[in-house]
Amino acid sequence: MSVKTSLIAILAGSLAVSAIAEPQQSTQPSAAEMQAQALPIVKRFGATLKPQLQAAVKSGGFAHAINVCADIAPAIAAQISQDTGWTVKRVSLKARNPNAVPDAYERGVLEDFERRKAEGEAVAALNDGQWQDGRYRFMKAQGVEGLCLNCHGSNLAPPVVKALSERYPQDRATGYAVGDIRGAISLIAPE
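Residues numbered from 1 in each chain as written. Predicted model: local features only at pLDDT ≥ 70, side-chain atom pairs only at ≥ 80, totals over all residues. Heavy atoms only, no water.

Contact geometry for helix 2 (residues 31–84) and helix 5 (residues 158–167): axes closest at 8 Å, N-to-C directions at 30 degrees. Here helix 5 runs roughly parallel to helix 2, going by the angle between their axes. The handedness of the crossing between helix 2 and helix 5 is right-handed. Where helix 2 abuts helix 5, its residues Phe62, Ala63, Ile66, Asn67, Ala70 and Asp71 lie against Pro159, Val160, Ala163, Leu164 and Arg167. (Axes fitted to C-alpha atoms, helices over the stretch in contact; angles between N-to-C directions. Helix = DSSP H or I, 4+ residues; strand = E, 2+ residues; numbered from the N terminus. Parallel < 35°, antiparallel > 145°, perpendicular 65-115°, else oblique. Left-handed = near helix turned anticlockwise from the far one by under 90°. Contact = heavy atoms within 4.5 Å.)

Below, the discussion takes up the pattern of salt bridges. With the rule as written, the count across this model stands at 13 salt bridges. Measuring nitrogen to oxygen at the nearest pair gives 2.4 Å for the salt bridge that ties aspartate 83 to arginine 44. Judged by relative accessible area, aspartate 83 falls into the partly exposed class, the value being 44%. Judged by relative accessible area, arginine 44 falls into the partly exposed class, the value being 33%. When the shortest N-O distance is used, the salt bridge between glutamate 106 and arginine 137 registers 3.3 Å. Taken together, the positions of glutamate 106 in helix 3 (residues 104–118) and arginine 137 in strand 3 (residues 135–143) put the pair 31 residues apart, joining distant regions of the chain. The exposure class assigned to glutamate 106 is buried, which follows from its relative accessible area of 0%. Each member of the salt-bridge network shares a partner with another, and the members are Asp112, Arg115, Arg116, Glu119 and Glu121. (Salt bridge = Lys/Arg side-chain N within 4 Å of Asp/Glu carboxyl O. Buried < 20%, exposed > 50% of the residue type's maximum accessible area, 1.4 Å probe, protein only.)

What follows concerns the nonpolar core. The tendency in soluble globular proteins is for nonpolar side chains to be buried as a group. Membership of the largest hydrophobic core comes to 21 residues, with the highest contact counts inside it found for Phe45, Leu49, Trp86, Val88 and Leu187. Counting residues per element, the ones that place at least two in this core are helix 2, strand 3 and strand 4 (181–188). At 14 residues, helix 2 tops the list of elements feeding residues into this core. Apart from residues no more than four positions distant in its own chain, leucine 187 is found in contact with Ala38, Ile41, Val42, Trp86, Thr87, Val88, Tyr136, Arg137 and Phe138. (Core = buried A, V, L, I, M, F, W, Y, C linked by side-chain atoms within 4.5 Å.)

Chain-level pLDDT for the protein is 89 on average; 86% of the residues reach the 70-or-more range. Across residues 14–19, where pLDDT falls below 50, the model places 1 contact with residues more than four positions away in sequence or in other chains. (pLDDT = per-residue confidence, 0-100.)

Another point: the environment of glutamate 166. If you trace the backbone, glutamate 166 turns up in helix 5. Only 2.9 Å separates the side chain of glutamate 166 from the side chain of lysine 162, close enough to count as a polar contact. (Polar contact = N/O pair within 3.5 Å; in protein donor to acceptor, adjacent residues only side chain to side chain.)

Moving on to the environment of arginine 96. Tracing the backbone shows arginine 96 in the loop between strand 1 (87–91) and helix 3. When residues no more than four places from it in sequence are discounted, the contact partners of arginine 96 are Cys151, His152, Leu164, Tyr168, Asp171, Ala173, Thr174 and Arg182. A polar contact of 3.5 Å, which involves the side chain of arginine 96, links it to the side chain of histidine 152. At a separation of 2.9 Å, a polar atom in the side chain of arginine 96 contacts the side chain of aspartate 171.

So, about the pairing of strand 2 (residues 127–132). Along a regular strand, successive side chains alternate from one face of the sheet to the other. Bridge analysis of strand 2 against strand 3 gives 6 bridges, and the strand direction is antiparallel. Paired with asparagine 127 across the two strands is lysine 140, which belongs to strand 3. Counting the residues between successive antiparallel strands, the hairpin from strand 2 to strand 3 contains 2 residues, one of them, aspartate 133, with a positive phi of roughly 55 degrees. (Pairing = 2+ DSSP bridges.)

It is worth spelling out helix 2 at this point. Between its first and last C-alpha atoms helix 2 spans 18 Å; for 54 residues at 1.5 Å apiece the expected length is 80 Å, and the helix comes up short by more than 12%. Maximal helix bending in helix 2 amounts to about 135 degrees, located at glycine 60. Looking at the residues trailing helix 2, positive phi occurs at glycine 85, about 90 degrees. (Expected span 1.5 Å × (residues − 1). Bend = angle between axes of the 7 residues up to and from the residue.)

Attention now moves to the side chain of glutamate 106. Of the polar contacts made by the side chain of glutamate 106, one reaches the side chain of lysine 89; its length is 3.4 Å. Only 2.6 Å separates the side chain of glutamate 106 from the side chain of serine 186, close enough to count as a polar contact. With sequence-adjacent residues up to four places away left out, glutamate 106 is seen in contact with Lys89, Val91, Val101, Arg137, Met139 and Ser186.

And the structure:
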């Protein structure tokens, strides 16, 4: 074997070893890039739901608006999920709808939101995004506004109480005050 051939073999071996030893560059987008995709989805959900609720209140009162939260909000989430590829849903520690019960990750984030709020962080600023089991998950807190108290507060009108007891006999989503955390919009990025 010539010196030239030996050097080529040694160099080739070194390159192969260094290619194995060096970590592969991740093709996974950063959390900031994923959050930039998630935030407009959250905004779209709210911008689509809020006018539906306002129209329902105007046409049939707050008892009628319960139907929007029960039927139209999940349909909005399903449509946005279909349009974007992200899974979109609402979750709460005091779920009204059984479909809004948080999984372990969501429960932990909601509890962290409560801690952060107690430490003085504004509810509107509360969000969490992280990679978990190879998928990016994002949550944005939903704060209670004055309008929400008509169906989620402590002093509900009799027609609202009746509608809630008929639709949600196990309802736990009352007793809130303005500024509380009602729950969150929870997103899971497409695979």
